[in-house]
Amino acid sequence: MTQTSVDHENCLVIRDLTVAYGRKVVLKGVHADIKRGQVVGVVGPNGGGKSTLLKAILGMVPLVGGSVMLFGKPAIRMRSRIAYVPQKEEVDWQFPVTVHDVVMMGRYPHTGWLRRNTSEDRRVVDEMLARVEMSEHKDSQIGQLSGGQQQRVFIARALAQEADVLLLDEPMNGIDAATQDVILRVIEEQKEAGRIVLLATHDLVSASCACDCLCCVNERMVSYGPLDETYTSENLAATYGGPLIMLGRAGAPEPMHTHHGGDHAHHEHEHPGSERN
């Protein structure tokens, strides 16, 4: 049955999304209805389009086909309601700015760039720093922090925006175990608050723990659906283009790495691999 716009008032709706850089199509055929309170893992090999999908939702890359709607309106018109945490490699960590200032940037959709910060803005910033356990570092320069601490600060910036949708691009790369626990806790809190979370990751173990659904991509959407239907050896082999070594866990298998194309999907948080598209 065809769904109407009324059915989609509480959804992020993606229809036949296609993205190209010049004449090269880098991602095509993405369809998804993502409801409030859902956590979707975007998985696939490096270069398969994980980051591209997040940027397309945010309007950072142009679509050559399809559409992205948020709560019944074009997502490009709803950017203030979408928070984004980029890959760490895309950030200039030497820029002279404090932790507090970075998190305050998350308030700009509410205050504008020229308006003075209010006591409510400062309260929200302090709350989000506490939520990621970074309050004691609020006066530190962002470039002086460890990789895990930097990631926590950017998570706090996204939370300070108080958006309805949270896009996380490879947040588990190059972080310590304590920071991983903080990020997984934040994802669960966002889910419980009825927000939509998309987690682009090569870490399939974390995806299997944190996500309700998987969107499997490799220059096209291979599959989308509940974890029980998509987190299978057959489906992931189709996504990565080769067999996987699987280890079991309670309720589902855990793919630890793939033999295809050098894309590492094993549980290794200190390895800062990234996807450039």
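See the structure above.
Thresholds, definitions, all that
- Residues numbered from 1 in each chain as written.
- Predicted model: local features only at pLDDT ≥ 70, side-chain atom pairs only at ≥ 80, totals over all residues.
- Heavy atoms only, no water.
- Pairing = 2+ DSSP bridges.
- Helix = DSSP H or I, 4+ residues; strand = E, 2+ residues; numbered from the N terminus.
- Axes fitted to C-alpha atoms, helices over the stretch in contact; angles between N-to-C directions.
- Contact = heavy atoms within 4.5 Å.
- Salt bridge = Lys/Arg side-chain N within 4 Å of Asp/Glu carboxyl O.
- Buried < 20%, exposed > 50% of the residue type's maximum accessible area, 1.4 Å probe, protein only.

## Let's talk about the sheet that holds strand β9 (residues 213–217)
Next up, step 1: One open sheet holds the 6 strands; their spatial order is β6-β7-β8-β3-β9-β10, and the pairing between them is mixed. The open sheet has two edge strands, β6 (82–85) and β10 (221–226), and neither has a second partner. When strand polarity is set aside, the average angle formed by the axes of neighbouring strands in this sheet is 15°.
Next up, step 2: Of the pairings in the sheet, the one linking strand β3 (residues 39–43) to β9 comprises 4 bridges and is parallel in character. What sits directly across from V40, in β9, is C213.
Next up, step 3: In this fold helix α1 (residues 50–58) packs onto β3, β6, β7 (165–169), β8 (196–200) and β9, with an angle of close to 150° to the strand it touches most, β7.

## As for the pattern of salt bridges
Next up, step 1: Enumeration according to the criterion identifies 16 salt bridges in this entry.
Next up, step 2: With a closest N to O distance of 3.7 Å, R185 and E189 form a salt bridge. Placement of both R185 and E189 in helix α6 (residues 177–192) is noted, with a separation of 4 residues, approximately one turn of the helix.
Next up, step 3: What makes R185 partly exposed here is its relative accessible area of 32%.
Next up, step 4: On the basis of relative accessible area, E189 is assigned to the partly exposed category, the value being 26%.

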